[in-house]
Structure formats: C-alpha cells, structure tokens
Amino acid sequence: MLLAAVSLAASRYGWPRPGPWVVPLLAYIIGTALVWSPLDSASVEDALRPEVVVGLFSRDHWARVLVGLGLAISSMAWFARWPFTDQPVVRVVVDIGTLILAAVLLLGPWLLRLARQVRVERAERIREFERAEIAAHLHDSVLQTLTLIRKNADDPAAVATLARAQERDLRGYLYQDRRTAEESVAVALASAISAVEDSHAVVIEVVSVGDAPTDKRLRAAVAAAKEAASNAAKHGESPISVYAELSSDRYEIFVRDSGPGFNPKRIPADRLGIRESIIGRVERHGGTAAVTSKKGEATEVHISVPRRTDNGKAGR
Amino acid sequence: MSEKVRVVIVDDHDVIRVGVKQSLGDGVEVVGEGRDVETAIEAIATAKPDVVILDVHLPGGIGGGALDVLDACLKKSDPPRFLALSVSDAAEDVVAVVRAGARGYVTKSISGPELTDAVVRVAQDDAVFSPRLAGFVLDAFGASAGDIAVADEDLDKLTAREQEVMRLIARGYSYREVGEKLFISIKTVETHVSAVLRKLQLSSRHELAHWAAQRRIV
C-alpha cells in the first residue's frame, strides 16, 4: 500500500521513475530492523547490569530474526544478479563491496554482542578463579595455624609465635606487597627482621622510609641490622624498633631496644657478634656502624652505608 | 591532672572493647561505647567525652568506617578529640583518618600504659605519633629526598627540626627521649609534633592526596 502510494505520488508529481532497486532496498532495511530488534531490549538490560548477559531468545525473537534474515538475504541475492552496468569488472567490484557491507551491517550488532558475552564470561571465570585461590590460601595458612594453636593451647609462647607469624603472612597477602627481597630493600629488611622475631619470639617494629633494589651494600647493611636486632632480642628489652632510611647518598638503619644497656668498650674480644657481624661487615662496604649504650639505658646500633648511584657502579 | 579523662571506646569487636577498657589506667574513665558508626555517633553525642578511641574499620554508616564518625562528629560544636586505633598499618588508612581529623594513631599491639599515655596526651590536645606514622610522614613529605621547608608556613615540606623529631620518633624514641637527644624541652617536642600533624592534615602534597583518595576522601 505504502509502496503503491509512493509510486502514485511519484508519477503524479513527475519525479523520475524509481529504478528496480527500491523494493529490494526496502526489503533489506526491514530485514535488518527485524534482525536487530531482539537486541534493542537486551541493550537496555545490558546497560543496567553490565556484569551479566541476559538470554535473548524467545520464540517470537527467533521468528523475527529468521524472517529478517530471509528478507535481507533475498534482497542481497537480487542485488548480486542485477545487471546495473555493462562493465563486468566494475560490477564484480561493486557487488562484492556492497554485499560485504550489507552483511556486516546486518550481523554487526550480533557480533558485538557475542564479543561482549565472551568478555563477561571470561571476567566471571577470573573472579571464580580468584575466589578459589583465596579459599585455598586461607585453608593452607589460617586454618592450619588455628589447628596448631588449638594443639598448643597450653603453651602461650608457642601460640604467640604462631599467631604473630600468621598475622604477618596474612598481612602480606592482603596488602599484596609482592615485591621480592631483591627488588626492594624495605622488603629485604622486613623479612630479615621477621626471621629474628620468629626465632626469638619477640615483636620488633620495622619502619622503612624510601626504597630501592637491594644491591650488595644494602644487603650487607640489612645483614648487619639482622644481627643487631637479634642481639637486641637476646639481651635487650621490648619494645625493640628498627628504623631504616634510604636517601640518595646513603642508607641508614637504626636498631634500638629499651634496655638494660651495656658498656660497648667492655665486650670480650672473643665475642664476634658486634665486632665482626655488624661493624666489620659494614666497614668492608665502606660504611660505618656504631653502638651507643650505657648501663641501664637504651641501646642503639646505627648502621650507615654509602650509596653510589650517580656513576652506575653500585655493585649488584 | 586531677580530673579523669572521659573516654568513649568505639570498636566493632566486643573482645577488643573489653580489652581496651581493662588496659586503660587509672587516669582514664570509660563513659560510653559504640560498636558501629551509628551507635558511635550516638554514644559520643550523649556522653560528651574528652577523647574517643576509634577503630578505623567500622561497619555501618556510608561505608567509610571511622571516616563517617569523624565526619559526623567534627561538624558539631565542641567536638571530642579522636585517637585512631587499628590493626592495619597500611598507609592509606593511617593518612586518611589523620587527615579526616584524628589527633593520633596507634596500632592495637600497643601496651596498656602506652595507650593510657596516648589518651591523656590527645586529651591535652597534643598529637600522638607512632613510629610507623612518623615513618609515613617522612616518606610522604619527601624527607629522604632532601625536601626541607625554608619557612614555617610551607605546608608541603617539613622543617629540618621537624624532620629530626620525626626521625627520632620513627627510631622508637619517646617524646622525653627526643627532647633529651635534641636538647629541647618536651613541650617543644610536642609543639613540633603538633605542627607536623597540622601539615599532615592541611598539606596538598600529591603523595598524601593519593593515599587519601584511596579511601575516597580528599
């Protein structure tokens, strides 16, 4: 009817008579609209809930898509046979180009939607995987520790050590500090000090300012700090604190306990802890280490090593 | 200090509230408790305490935990002073609560006498810095990169003296020991720490802004 009205109006007002392509073109447009129509409501749903893909196909939708595909494909078939020019080369090129364009236009939204579906499903799988990984981690660490704690319920020292180790582990896991001791001197220091905490069942607060990859000198400083912290844990009183500051020209570590102190000049010559493991080790790397202590007061070990970052010679 | 410091304890774990209550010394009196954002705001409004010991992670409110409580209470006239208490020592938690108005920050591993001392200090309007918070401050204000303020008004840098004080606190010195080491009075140490707290709250250094943004406050 509409078609008839349009052609009547055309002949009446003297428009040029439309070519034979009008009907197939209309058929293609209607077909495409029908193929796209199920996506319309889906795109609203998708926008509301971006993390799920809603199902599309009711029987009505199937029918619309099939009729639409039929219309569009038959109009394309008609176009392929339409001899609109005498030159075969032009005809082949135009035919192929137009048909590809028409097919893309027809199926494009569906392909986009398919891609989205794949993406959503992939994200879901990743989430699922992460959940499983967290569950596995909690099982291996927290649940095991709780079991151990229950077994050792009558031994407060063991319980404290277990709880402390587990706390550190969980904290590291939660805050995702996945840098290694090689990449970060702060991590190297923290893990060295936690080894001391575990072997002596004490709590040591570690504060680090600044960070860099651990080179040979920094490693020596960390090893000396570990020795100092273990001395503090053995002979000193809590609270014990370790403070490290990395500036552009040197790395300094302070290890401090709260007493009872001693006279550093009166260490027997055969005690190698301070002399060799702390002072000697640091001095071999061009640094200095000093012990400040007095009987009855806090003891502090100050370790300082120079850095050479300007000429790139800092040995790894 | 003849009068007792009146305290409200806010924590979502009953065990922690009981533990904190028991570990507080004689100079402190607990006048109220809260277990989430709403009960905390109500307890603070009715008890009108001097100091609120506030857990950083709290249920309720609009999801900001302690930040919601600070937000609601600091708007009212004559607000109490806040001491934040947390198991977490992640930088963004610490910096966010301090920037939201807490006068200090301590971790739950703190001993009873230390906590009592911190409460009394906060009640006197002093700031309480744990070694870790001092470390964050040095890190955030670029102390190791050699950033030094030339004028006191420079909010984005610490003065040389403030850096020294922060370094000693990070090394585990008490305020008294810091004073002895630097040959200044304990009152002067407190002044420096309060100045640092003010800078921490008002500075717009991007490191601080970044940490605060992670907890959705600026």
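This write-up is about the structure you can find in this document. Along every chain, residues carry numbers that run from 1 in the direction the sequence is written. Key to labels: chains lettered from A, ligands numbered from 1, both in the order written. A pLDDT threshold of at least 70 governs which residues receive local features in this predicted model, and a stricter bar of 80 or more applies before side-chain atom pairs are shown or counted, although totals over entire chains, interfaces and linings include all residues. Calculation of side-chain values draws on the structure's entire complement of heavy atoms; hydrogens and water are dropped beforehand.

1. Some details on the nonpolar core
Okay, so step 1: Buried Ala, Val, Leu, Ile, Met, Phe, Trp, Tyr and Cys residues that are joined via side-chain atoms within 4.5 Å together make up what is termed a nonpolar core. Here the term buried applies to any residue with accessible area under 20% of the maximum for its type, exposed to any over 50%, and partly exposed to those in between, with areas from a 1.4 Å probe on protein chains only. Within the largest apolar cluster, 57 residues are counted, with the highest numbers of intra-cluster contacts made by Phe-129 and Met-166 of chain B.
Okay, so step 2: The split of the chain into domains comes from an automatic or database domain assignment. Two domains share this core, each providing at least three of its residues, namely domain 1 (5–151) and domain 2 (156–214) of chain B.
Okay, so step 3: If we skip the residues at most four places from it in the chain, Met-166 of chain B touches Phe-129, Ala-134, Val-137, Leu-138, Leu-158, Val-193 and Val-196 of chain B.
Okay, so step 4: Judged by nonpolar contacts, the second largest core, of 33 residues, contains Leu-218, Ala-225, Ala-244 and Val-282 of chain A. Working rule for contacts: check all heavy atoms of both residues, and any pair within 4.5 Å makes them a contact.

2. Considerations on the interface of chain A and chain B
Okay, so step 1: Taken together, the contact between chain A and chain B spans 17 residues of the former and 18 residues of the latter.
Okay, so step 2: Surface buried jointly by chain A and chain B totals about 1,500 Å² across both partners, of which 46% is contributed by carbon and sulfur atoms.
Okay, so step 3: Salt bridges, as used here, are contacts in which a Lys or Arg side-chain nitrogen is within 4 Å of a carboxyl oxygen on Asp or Glu. Applying the counting criterion to the chain A and chain B interface returns four salt bridges.
Okay, so step 4: A salt bridge links Glu-300 of chain A to Arg-171 of chain B; the shortest N-O distance between them is 2.6 Å.
Okay, so step 5: N or O atoms within 3.5 Å of each other form a polar contact, as long as, within protein, one can give a hydrogen and the other can take it, and as long as residues adjacent in sequence are counted only when both atoms are side-chain atoms. Linking chain A to chain B there are eight residue pairs in polar contact (both at pLDDT 80 or more).
Okay, so step 6: By the criteria applied, helices consist of DSSP H or I runs no shorter than four residues and strands consist of E runs no shorter than two, each listed in order from the N terminus. Element by element, the count of residues in the side of chain A that touches chain B is highest for strand β1 (residues 204–209) of chain A, at five residues. As a working definition, buried area equals the accessible area (1.4 Å probe) given up by two parts on being put together, with both sides summed.

3. What to know about the packing of aromatic side chains
Okay, so step 1: Centre distance within 6.5 Å is the pairing criterion for rings of Phe, Tyr and Trp, where only the six-membered ring of Trp is used; planes under 30 degrees apart are then read as stacked, over 60 as edge-to-face, and the remainder as tilted. Summed over the entire model, instances satisfying the criterion amount to one aromatic pair over all chains.
Okay, so step 2: Seen in terms of ring centroids, Tyr-243 of chain A and Phe-254 of chain A are 6.3 Å apart; in terms of plane orientation they differ by 25°. Their pairing is stacked. Taken together, the positions of Tyr-243 of chain A in strand β2 (residues 240–246) and Phe-254 of chain A in strand β3 (residues 250–257) put the pair eleven residues apart, joining distant regions of the chain. Here the two residues Tyr-243 of chain A and Phe-254 of chain A agree in accessibility, since each one is buried.
Okay, so step 3: A ring is considered to have a charge above it if a Lys NZ or an Arg CZ atom is located within 6 Å of its centre and within 35 degrees of its normal. Lying across the ring of Tyr-173 of chain B, Arg-256 of chain A places its NZ or CZ 3.7 Å from the centre.

4. Side note on the sheet that holds β1 of chain A
Sheets are built from strands that pair by backbone hydrogen bonding, the pairs being arranged parallel or antiparallel.
Residue and element names in this part refer to chain A.
Okay, so step 1: Following DSSP output, two strands are said to pair if at least two bridges run between them. Taken in spatial order, the five strands of this open sheet run β1-β2-β3-β5-β4, and their pairing is mixed. Whereas interior strands pair on both sides, the edge strands pair on one side only; in this sheet they are β1 and β4 (288–292). Sheet twist, expressed as the average angle between the axes of neighbouring strands with direction ignored, equals 10°.
Okay, so step 2: Inspection of the sheet shows β1 paired to β2 by six bridges, in the parallel sense. Bridge pairing in β2 places Val-209 opposite Glu-245.
Okay, so step 3: The strands touched by helix α6 (residues 185–200) within the sheet are β1, β2 and β3, with β1 carrying the most contacts at an inclination of about 170°. Think of each axis as a best-fit line through the C-alpha atoms, taken over the contacting stretch in the case of a helix, with angles from 0 to 180 degrees between the N-to-C directions.

5. Here we look at a nonpolar patch on the surface
Okay, so step 1: Side chains of Trp-21, Leu-25, Leu-26, Ile-29 and Ile-30 of chain A sit close together on the surface and give an oily, nonpolar patch of about 460 Å² of accessible area.
Okay, so step 2: With respect to the element layout, Ile-29 of chain A can be found in helix α2 (residues 22–48). The patches described consist of residues with a relative accessible area above 30% and no salt bridge, like charges being joined within 9 Å and nonpolar side chains (Val, Leu, Ile, Met, Phe, Trp, Tyr) within 5 Å. Each accessible area value is a Shrake-Rupley result obtained with a 1.4 Å probe; residue values ignore everything except the protein chains displayed when judging cover.

6. Some details on the pairing of strand β3 (residues 51–55) of chain B
Residues and elements named next belong to chain B.
Okay, so step 1: Among the five residues that make up β3, five are buried, leaving the element largely enclosed by the rest of the structure.
Okay, so step 2: Side chains of β3 alternate between two faces, with Val-51, Ile-53 and Asp-55 and Val-52 and Leu-54 buried alike.
Okay, so step 3: As defined by bridge partners, strand β1 (residues 5–10) adjoins β3 across four bridges and the pair is classed as parallel. Looking at the pairing, Val-10 lines up with Leu-54 of β3.
Okay, so step 4: One ladder, built from five bridges, connects β3 with strand β4 (residues 81–86); its direction is parallel. Residue pairing for β4: Leu-54 is matched across the bridge by Ala-84.

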